[in-house]
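Geometric and topological summary
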Amino acid sequence: MRKTENQLLVIFGASGDLTARKLVPALYKLYKDKHLPEHFAVLGVARSFMTDEEFRKRVALESKYLDDSEEFIATFSEKLFYEDLHKKYDVDYRELNERIQDLNTTYQCDNNIIFYLSTPPSLFEAIAKNLTAKGLNDERLGWKRLIVEKPFGYSLETAKSLNDGLHRYFKESQIYRIDHYLGKETVQNILVTRFANSIFEPLWNRDYIHHVEITNAESGGVESRGGYYDKSGALRDMFQSHLLQLVALIVMEPPLSANPEEIRNEKMKALKSLRLMTDPKVLEENTIRGQYLASEIEGEKVKGYREEVDVDPDSTTETYAAVKFYVDNWRWADVPFYVRTAKRMPTKVTEVVIHFKSPHHQIFKNSDMNKDNKLIIRIQPDEGILVKFGVKVPGQGFAVERGNLDFYYESLGDESHIMEAYERLLLDAMQGDATLYARADEVEAAWRFTDPILDHWKKGDAKIYGYSAGVWGPQHADELIEGKSMWRNPCENLADDAGYCVIE
Ligand code: NDP
């Protein structure tokens, strides 16, 4: 296990929601579990004025650690400080630098500093520039790391410009682009399932796999995020980042070792091998977008997307996106991948389904594709892995039914030992492990694949289908899947996909 060296964590945008709801609770958990170094301090930075005490109260109120003993919380709070930037982020950081140097000396942080940029991305470059002007990117006396939040770009062009802007001041090896999906245990376990077992990898190719399906469904609508979402949409919000990262883990070749660069090199190769779709006809046939309509779920009326707060009443932003694509390499030639993400689905679930081919010679009269072998990797909820395989129905003859072989994470014992994504990612960055952070070239490769779809949809003649809130998206999405197979419409429980599940 890597060592966590003494360090200072500086959070920009510390008056925001993410700091109070995710970052400080994650730090507190790391503190409780004794993962923080002996000498450690946190400095929150933003434009709003607050004293240290007000900052401590604010994050404590929002955080979920109020149940713990007051004394314990007080000890942790003593590590939290706050510095306001008066009016804006693009100012001389003289006072900020003085505060950083003061905390570094008082708390013996050994000049090791992480700058966590939890602000709108439009401020990233200005912050990096002003830190550099004060020599705060200089690693001669101690390392300096920059964590940046998503969204990383709005298109390939904007992502490149963001990368260029950051690279002017920080080296790529200092930059950690967060994708909280990669912090999930179940996502990391894809690597272990594939590369720590000998039973899956020999089958992990075009000879045995019929198709791959990834579903990311949210049961809720856009809620209070209408303004943000209307400019983003399902493809930018989920597909380009989280879901293509999942695809990369499924598609990649075995890395030479578990070294971060080896893993990221293989992920990059995987993303580069996704077949770009540029022909409008191909795009029309292989992508489906939709928007949820006003509906009733269990007797309760829910708004349509265009009626949501801060959403344009004529909006064509997609709340449903399904994409069929191919991977142009030796392992995956001709294997279709189907990836969908949406809001207002019947349940909240994310999973990967590997659909295996039917046996080459079928001696039992059971050619139903949907009864073929499947490996289901459940990312959330009811985290686990399920293998579906044929079993003989008791009695005369050879009727075949599906049996389940399942593994559930909760069977590993105390769930409190499973780190939250932000805990894991923060600790990794503190230890200088970038395995679970996206590299510049990976992010750009993901945008290179996504951009033509977005451009096609922007043209306006691409269809946008309505779907009632609480169903599995527009009917046309069923036609995307070839042959006799169909989407697995999952339920909250991993093993249960029969019919419709209960709507949350
Ligand atoms: P907030 O909108 O709460 O903003 C964070 C801080 O940035 C604010 O406290 C504010 O501080 C400053 N800020 C906001 N807008 C502007 C602006 N236009 N100009 C200058 N400063 C501004 O965001 P969150 O805390 O929710 O998120 C922070 C980052 O993390 C964002 O990039 C977001 O996309 C990303 N993110 C957030 C998630 C979440 O769950 N909240 C999930 C995934 C990513 P002040 O005005 O005091 O300077």
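Residues numbered from 1 in each chain as written. Predicted model: local features only at pLDDT ≥ 70, side-chain atom pairs only at ≥ 80, totals over all residues. Heavy atoms only, no water.

Below, the discussion takes up the sheet that holds strand β4 (residues 113-117). Across the sheet, six strands lie side by side as β3-β2-β1-β4-β5-β6; this open sheet has parallel pairing. Because the sheet does not close on itself, it has two edges, and the strands there are β3 (80-84) and β6 (175-177). The mean angle between the axes of side-by-side strands here comes to 20°, regardless of whether they run parallel or antiparallel. As judged from the six bridges shared by strand β1 (residues 7-12) and strand β2 (residues 40-46), these two strands associate in the parallel manner. Residue pairing across strands places Val-10 opposite Leu-43, the latter belonging to β2. Relative to the sheet, helix α1 (residues 17-32) contacts β1, β2, β3 and β4, its axis offset from that of β1 by approximately 165°. (Pairing = 2+ DSSP bridges. Helix = DSSP H or I, 4+ residues; strand = E, 2+ residues; numbered from the N terminus. Axes fitted to C-alpha atoms, helices over the stretch in contact; angles between N-to-C directions. Contact = heavy atoms within 4.5 Å.)

Judged by pairing direction, the sheet is mixed, and its nine strands sit side by side in the order β16-β15-β14-β13-β7-β12-β11-β8-β17 without closing on themselves. Edge positions in the sheet fall to β16 (400-408) and β17 (465-468), since each of these pairs with one other strand and no more. For this sheet, the mean inter-axis angle between neighbouring strands, taken without regard to orientation, is 20°. The pairing of strand β14 (residues 374-380) with strand β15 (residues 384-392) spans five bridges and is classified as antiparallel. Each residue of the ladder has a partner; that of Ile-377, found in β15, is Ile-385. Docked against the sheet, helix α7 (residues 185-195) engages β14 and β15, running at close to 150° with respect to β14. Seen against the sheet, helix α13 (residues 440-458) touches β8 (287-293) and β11 (320-325) and runs at an angle of roughly 60° to β8.

The space that makes up the second largest pocket amounts to roughly 460 Å³. In this structure, the second largest pocket is lined by 29 residues; those nearest its centre are Pro-151, Phe-152, Gly-153, Tyr-154 and Trp-447. Per element, the largest residue contribution to the lining of the second largest pocket is five residues, and it comes from helix α9 (residues 234-251). (1 Å grid on protein atoms, 1.4 Å probe; cavity = no way out; pocket = protein on both sides within 12 Å on 5 of 7 lines; lining within 4 Å. Points joined across faces, edges and corners; volume = space filled by probe spheres on them.)

When the UniProt feature table is mapped onto this chain numbering, "binding site: substrate" (unreviewed entry) sits at His-180, Lys-184, Glu-218, Asp-237, Lys-343 and Lys-348. In the annotated set above, the residues contributing to the lining of the second largest pocket are Asp-237. Tracing the sequence through the fold places Asp-237 in helix α9. With residues up to four places along the chain from it excluded, the contact list for Asp-237 reads Lys-150, Arg-225, Tyr-228, Tyr-229, Ser-232 and His-242. (UniProt positions renumbered as here; feature names shortened; annotations may be inferred.)

With that settled, consider the side chain of Thr-319. Of note, Thr-319 is situated in the loop between β10 (300-302) and β11. Here the side chain of Thr-319 touches Tyr-292 through a polar contact of 3.1 Å, landing on its backbone nitrogen. When neighbours within four sequence positions are excluded, Thr-319 is seen to be in contact with Tyr-229, Ala-234, Gly-290, Gln-291, Tyr-292, Tyr-305, Thr-341, Ala-342, Lys-343 and Tyr-467. (Polar contact = N/O pair within 3.5 Å; in protein donor to acceptor, adjacent residues only side chain to side chain.)

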